[in-house]
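# Examining the three-dimensional arrangement
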Amino acid sequence: SATAAAVAAADARLSRRRGAACSAMIAPRGASDPSRRGLEDKARPQSRYWLPEEHDAFVEGLGIFGPRDFRGIAGHVGSRDADQVRTHMQKYFRRLELLGTPLPRELR
């Protein structure tokens, strides 16, 4: 769809400008590795950082469901709830604006 294409293009521009890791949007290297924190046999607690796979699913869900369906995007991501998706989206859009990347019309 046009929304999915616009979201993918905006995310690609953000990734090129910020490099491979978008600082606070995705986990720093090793932050999500349970073996580094002594959690090998325990259930892994939800990290405050978004893993690259989660962010990719977020961007994909944003294109599918649009910017107002937090529950739909959360279901698509699978590991985050609607409130976490909402705050991630706010930070994501703010970063796009700070970097001078215009928001696609479908997302305004």
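Attention now moves to the overall build of the chain. The helix and strand inventory of the chain stands at four helices and zero strands. Listed by position from the N terminus, the elements making up the chain come as α-α-α-α. Across the 108 residues in the chain, those meeting the buried criterion constitute 38%. Here the analysis covers contacts within the chain between residues at least 6 apart in sequence; of these, 59% occur between residues at least 24 apart. Surface accessibility of the chain: about 6,600 Å² in total, with carbon and sulfur atoms responsible for 49%.

What follows concerns helix H3 (residues 70–77). Because the α-helix completes a turn every 3.6 residues, residues three or four places apart line up on one side. Among all positions in H3, only Gly72, Ile73, Ala74 and Val77 are buried. Where H3 is buried, its residues contact helix H2 (52–65) and helix H4 (82–98). Immediately downstream of H3, the backbone of Gly78 shows phi near 90°, a positive value.

Below, the discussion takes up the environment of Thr87. Among the structural elements, Thr87 can be located in helix H4. According to the relative accessible area criterion, Thr87 is partly exposed, its value standing at 31%. Between the alpha carbons of Thr87 and Phe70 there is a distance of 9.9 Å; along the sequence they are 17 residues apart. Within the structure, Thr87 has its side chain in polar contact with the backbone oxygen of Gln84 (distance 3.1 Å).

Another point: the packing of aromatic side chains. Enumeration according to the criterion identifies three aromatic pairs in this entry. Taking the centre distance of 5.8 Å and the plane angle of 70° together, the rings of Trp50 and Phe58 count as edge-to-face. Given the relative accessible area of 5%, Trp50 is considered buried. Plain terms: the ring middles of Tyr92 and Phe93 are 5.9 Å apart, the flat faces sit at 40° to each other, and that makes the pair tilted. With a relative accessible area of 1%, Tyr92 lands in the buried category. Judged by relative accessible area, which is 12%, Phe93 ranks as buried.

The rules behind these values
Residues numbered from 1 in each chain as written. Predicted model: local features only at pLDDT ≥ 70, side-chain atom pairs only at ≥ 80, totals over all residues. Heavy atoms only, no water. Helix = DSSP H or I, 4+ residues; strand = E, 2+ residues; numbered from the N terminus. Buried < 20%, exposed > 50% of the residue type's maximum accessible area, 1.4 Å probe, protein only. Contact = heavy atoms within 4.5 Å. Areas by Shrake-Rupley, 256 points an atom, 1.4 Å probe, with all protein chains shown as cover. Polar contact = N/O pair within 3.5 Å; in protein donor to acceptor, adjacent residues only side chain to side chain. Phe/Tyr/Trp six-rings, centres within 6.5 Å; stacked < 30°, edge-to-face > 60°.

In short, geometric facts, not functional conclusions.
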